Amino acid sequence: MLKEFQEFISRGNVMDLAVGVIIGAAFGRIVDSLVNDIIMPIVGAILGGLDFNNYFFALSSAVNATSLADAKKQGAVFAYGSFITVVLNFIILAFIIFLMVKAVNNLRRRLEAEKPAVPAAPPADVALLTEIRDLLARK
């Protein structure tokens with residue numbers, strides 16, 4: 001069983017997947033920063049200078065805080081601003097991945113179009129007649 005596991009791990013697909021997950025996590029953090037540190041402050045400024053992450057509804061009468069972090073300490077809250085931020089993160093990330101996949105597909109199509117067409121092999125009877133012709137021409 002240990003040998004089987006070693007073979008599984010040493011396959012290229014598992015290593016490629018691991019690299020993809022690590023790069024994806026790092027890329028996700030970049031998109032999070034883009035949304036939280038650049039896009040959402042601009043949206044907040046357009047909407048009156050409010051911090052979008054602090055938009056919430058208190059679900060308990062005990063909640064009277066003005067920031068989301070403090071409100072969560074006091075009781076249950078419906079944090080719709082955070083949800084909107086996460087949805088925006090997803091949309092941006094999905095769009096970027098779509099553009100990357102589209103670019104790779106275009107590159108593949110271009111490379112396939114540049115390959116010279118390999119002529120099809122002639123049928124067996126034509127090949128045999130060609131061989132007989134060549135033998136007769138040598139005599």
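The preceding data block contains the structure.
None of these values were measured; they are calculated from a predicted model. (Residues numbered from 1 in each chain as written. Predicted model: local features only at pLDDT ≥ 70, side-chain atom pairs only at ≥ 80, totals over all residues. Heavy atoms only, no water.)

### Some remarks on the overall build of the protein chain
A count of helices and strands for the protein chain gives 5 helices and 2 strands. Moving toward the C terminus, one meets the helices and strands of the protein chain in the order α-α-β-α-β-α-α. What you see for the protein chain is a C-alpha radius of gyration of 31 Å, clearly larger than the 14 Å of a compact globule of 139 residues, by over 25%. Projecting the C-alpha coordinates of the protein chain onto the three principal axes gives extents of approximately 105 × 50 × 20 Å. In the protein chain, which comprises 139 residues, the share counted as buried stands at 13%. Pairs at least 24 residues apart make up 39% of the contacts formed inside the protein chain by residues separated by at least 6 positions. Total accessible area on the protein chain stands at roughly 11,400 Å², and carbon and sulfur atoms take up 68% of it. Taking the 13 positively charged and 12 negatively charged side chains of the protein chain as two groups, their mean positions are separated by 4 Å. (Helix = DSSP H or I, 4+ residues; strand = E, 2+ residues; numbered from the N terminus. Rg over C-alpha atoms; globule rule 2.2 N^0.38 Å. Buried < 20%, exposed > 50% of the residue type's maximum accessible area, 1.4 Å probe, protein only. Contact = heavy atoms within 4.5 Å. Areas by Shrake-Rupley, 256 points an atom, 1.4 Å probe, with all protein chains shown as cover. Lys, Arg positive; Asp, Glu negative; His and termini not counted. Charge placed at Lys NZ, Arg CZ, Asp CG, Glu CD.)

### A few points about the packing of aromatic side chains
Per the counting criterion, the structure on display carries 4 aromatic pairs. Relative to Tyr 80, the ring of Tyr 55 lies with its centre 5.8 Å away and its plane at 35 degrees, an arrangement referred to as tilted. With Tyr 55 in the loop between α2 (12–46) and β1 (57–58) and Tyr 80 in helix α4 (residues 80–114), this residue pair connects regions lying 25 residues apart in the sequence. (Phe/Tyr/Trp six-rings, centres within 6.5 Å; stacked < 30°, edge-to-face > 60°.)

### Observations regarding the environment of Ile 132
Assignment of secondary structure puts Ile 132 in helix α5 (residues 124–138). Residue classification places Ile 132 among the partly exposed residues on the basis of a relative accessible area of 40%. Distance from Ile 132 to Phe 56, taken between C-alpha atoms, is 87 Å for residues 76 residues apart in sequence.

### Focus: a nonpolar patch on the surface
Together, Leu 2, Phe 5, Phe 8, Ile 9 and Met 15 make up a nonpolar patch on the protein surface, roughly 520 Å² of accessible area in all. Element by element, the count of residues in the nonpolar patch is highest for helix α1 (residues 2–10), at 4 residues. If you trace the backbone, Ile 9 turns up in helix α1. Of the residues examined, Ile 9 reaches a relative accessible area of 34% and is grouped as partly exposed. (Patch = residues over 30% accessible without salt bridge, like charges linked within 9 Å, V, L, I, M, F, W, Y side chains within 5 Å. Salt bridge = Lys/Arg side-chain N within 4 Å of Asp/Glu carboxyl O.)

### Some remarks on the environment of Val 63
Residue position: Val 63 is located in the loop between β1 and α3 (68–74). Classification of Val 63 as buried rests on a relative accessible area of 10%. For the pair Val 63 and Ala 76, spaced 13 residues apart in sequence, the C-alpha to C-alpha distance is 7.7 Å. Ignoring anything within four residues of it in the chain, the contact list for Val 63 reads Phe 56, Ala 58, Ala 71, Gln 74, Gly 75, Ala 76 and Val 77.

### A look at the pattern of salt bridges
Taken as a whole, this structure holds 1 salt bridge when the rule is applied. Across the salt bridge formed by Arg 133 and Asp 134, the nearest N and O atoms sit 3.1 Å from each other.

### Here's the deal with α4
Under the 1.5 Å per step criterion, the end-to-end length of α4 is 51 Å for 35 residues, consistent within 8% with the ideal 51 Å. Regarding α4, the residues found buried are Gly 81, Thr 85, Asn 89 and Ile 92. (Expected span 1.5 Å × (residues − 1).)

### So, the side chain of Thr 85
Among the structural elements, Thr 85 can be located in helix α4. For Thr 85, a relative accessible area of 2% gives the class buried. Separated by 3.0 Å, the side chain of Thr 85 and the backbone oxygen of Gly 81 make a polar contact. Sequence-distant contacts of Thr 85, that is, excluding residues within four places in its chain, are made with Val 35, Asn 36, Met 40, Phe 52 and Asn 53. (Polar contact = N/O pair within 3.5 Å; in protein donor to acceptor, adjacent residues only side chain to side chain.)

On their own, these measurements won't tell you what the molecule is for.
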